[in-house]
Amino acid sequence: MRALVISGGGSKGAFAGGVAQYLIQERGLKYDLYLGTSTGSLLIPHLALGKIQKIREVYTSVNQESIFSHRPFTIHRKYGASTIGINHWNVVRNFMRGSKTFGESHNLLQLIRNTITPEEFEALQSGPYDLAVTVSNLSLNQVEYKSVKDFDYEEFCEWVWISCNYTPFMSLVRKNGCEYADGGLGNMVPIEEAIRRGAREVDAIILHTEVTQVNRLPSRNAFSLLTNMFGFMLDRIEQQNIKIGKFVANQQDAIINFYYTPTVLTTNSLIFDRDQMAKWWRSGLLYAESKSENTSPLEPE
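The structure presented is a predicted model; accordingly, all values stated were derived computationally and were not measured.

S.K.: Lay out the side chain of Glu-193 with the relevant residues and their values.
M.R.: When you line up the elements, Glu-193 lands in helix H9 (residues 191-196). Ignoring any residue separated from it by four or fewer positions in sequence, one finds Glu-193 in contact with Leu-35 and Tyr-145.

Next up, the structure:
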């Protein structure tokens, strides 16, 4: 049983799309299980259906307005780098509306509904593979995996959306009496879950460099401090997920093939730049091709 696992990473998901395109189209790999967290959950339904060009067009055409119904930050570009500042009016207006978060991402939910049609959902449900997205249940303090086999169209679109909600900048969702947020808060790379479900070979796309290469700039405001803090925490969660995945793979005689980003793509994955994301998709495709030519799969340690 072979699984494709795609980590969280916001706009960096474009790179994962390029890697997955090479694995599926060029190498002709077939997967029995698709598991995604955050941006990975956006990719996997289309990858499972073979609708790669469709999701590529989405990832290379979105902008901030495609994601945020109330964007809590401004973007400033200086010396070739992008930083964020507080959009005070949008934040205050969001709190006045009774929101618990700085911003809202209902536009993303609509984008998901516009991108995954009811007919495509039915094809996913009736397919020979399983497909699940990762969400964080803040009320029960646990990570949950929502399979396409277990829900109707509207519910599954909501779970994909919830998996991507990077609180407190995006929506906090109350569902089934619990509060849910981005799956990456609990499990950035669900390798362990893939093996638990029976996978014996896992292709894991990690939207981070294998060796830490980031020296973050000093925080300029409360939001940049928050993004730096969350970036630090998510990096640590990701490293732990990978270590646990390797350990479980060793115990179960499973193979993990890792695909890391070769360079730091961005230090703020909340910034969606269509031109940049188009370059990342292309670089992911070329990277996967070069890796497949020059390296062999990684055996469990």
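S.K.: How would you explain the side chain of Ser-7 if you had to name every residue and give the values?
M.R.: Relative to the elements of secondary structure, Ser-7 occurs in the loop between strand E1 (2-6) and helix H1 (13-26). Using a relative accessible area of 0% as the deciding quantity, one classes Ser-7 as buried. Residues contacting Ser-7, with those up to four places away along its chain left out, are Thr-37, Thr-39, Gly-40, Met-188, Val-189, Ile-205, Ile-206, Leu-207 and Glu-238.

S.K.: Describe the nonpolar core, with residues and values.
M.R.: In summary, soluble globular proteins display a tendency toward joint burial of nonpolar side chains. Counting 92 residues, the largest nonpolar core has Leu-4, Tyr-34 and Leu-47 as the members making the most contacts within it. Setting aside its immediate chain neighbours within four residues, Leu-47 contacts Leu-4, Ile-6, Ala-20, Ile-24, Tyr-34 and Ile-52.

S.K.: Just give me the short version of the packing of helix H2 (residues 39-49) against helix H7 (residues 118-126), but keep the residues and values in it.
M.R.: It is the contact of H2 with H7, at a shortest axis distance of 10 Å, that shows an interaxial angle of 75°. Our classification of the angle between H2 and H7 gives roughly perpendicular. Across the interface between the two elements, Pro-45, Ala-48 and Leu-49 from H2 touch Glu-120, Ala-123 and Leu-124 from H7. For the contact of H2 with H7, the class distribution of residues is five nonpolar, no polar and one charged.

S.K.: Requested: an account of the pairing of strand E9 (residues 201-206), with residues and values cited.
M.R.: Within E9, five of the six residues are buried, leaving the element largely enclosed by the surrounding structure. Summarising the sheet, E1 and E9 pair through five bridges and their orientation is parallel. Residue pairing in the sheet places Leu-4 in a bridge with Asp-203 of E9. As defined by bridge partners, E9 adjoins strand E10 (residues 255-260) across six bridges and the pair is classed as parallel. Within E10, the position partnered with Ala-204 by the bridge is Phe-258.

S.K.: Lay out the packing of aromatic side chains in plain terms, naming residues and giving numbers.
M.R.: For the structure on display, the rule yields 16 aromatic pairs. Seen in terms of ring centroids, Phe-151 and Trp-159 are 5.8 Å apart; in terms of plane orientation they differ by 55°. Their pairing is tilted. Per residue, the accessibility class of Phe-151 equals that of Trp-159, and both read buried. Seen from their ring centres, Phe-169 and Phe-223 are 5.4 Å apart, and the 90° between their planes marks the pair as edge-to-face. In this pair, Phe-169 is assigned in the loop between helix H8 (153-164) and strand E7 (173-175) and Phe-223 in helix H10 (residues 222-252), connecting sequence segments 54 residues apart. Comparing Phe-169 with Phe-223, the two get one shared label, buried. Geometry around Trp-159 places Lys-146 over its ring, the cationic atom sitting 4.5 Å from the centre.

S.K.: Kindly report on a nonpolar patch on the surface, identifying the contributing residues and their values.
M.R.: There is a patch of nonpolar side chains on the surface, built from Leu-225, Met-229, Phe-232 and Met-233 and spanning about 390 Å² of accessible area. For Phe-232, the position within the fold is in helix H10.

S.K.: Could you give an account of the pattern of salt bridges, naming the residues involved and the relevant values?
M.R.: One pass over the structure, following the stated rule, counts 12 salt bridges. Put simply, Arg-196 and Glu-193 hold a salt bridge, and the shortest N to O gap is 2.6 Å. Separated by three residues within a single helix, Arg-196 and Glu-193 lie in helix H9, roughly one turn from each other. According to the relative accessible area criterion, Arg-196 is exposed, its value standing at 60%. You can call Glu-193 buried: its relative accessible area is 7%. Between Arg-197 and Glu-193 there is a salt bridge whose closest N-O contact spans 2.7 Å. Through salt bridges that share partners, Asp-130, Glu-193, Arg-196 and Arg-197 make up one connected network.

The rules we used
- Residues numbered from 1 in each chain as written.
- Predicted model: local features only at pLDDT ≥ 70, side-chain atom pairs only at ≥ 80, totals over all residues.
- Heavy atoms only, no water.
- Helix = DSSP H or I, 4+ residues; strand = E, 2+ residues; numbered from the N terminus.
- Contact = heavy atoms within 4.5 Å.
- Buried < 20%, exposed > 50% of the residue type's maximum accessible area, 1.4 Å probe, protein only.
- Core = buried A, V, L, I, M, F, W, Y, C linked by side-chain atoms within 4.5 Å.
- Axes fitted to C-alpha atoms, helices over the stretch in contact; angles between N-to-C directions.
- Parallel < 35°, antiparallel > 145°, perpendicular 65-115°, else oblique.
- Nonpolar A, V, L, I, M, F, W, Y, C, P; charged D, E, K, R; others polar.
- Pairing = 2+ DSSP bridges.
- Phe/Tyr/Trp six-rings, centres within 6.5 Å; stacked < 30°, edge-to-face > 60°.
- Lys NZ or Arg CZ within 6 Å of the ring centre and 35° of its normal.
- Patch = residues over 30% accessible without salt bridge, like charges linked within 9 Å, V, L, I, M, F, W, Y side chains within 5 Å.
- Areas by Shrake-Rupley, 256 points an atom, 1.4 Å probe, with all protein chains shown as cover.
- Salt bridge = Lys/Arg side-chain N within 4 Å of Asp/Glu carboxyl O.

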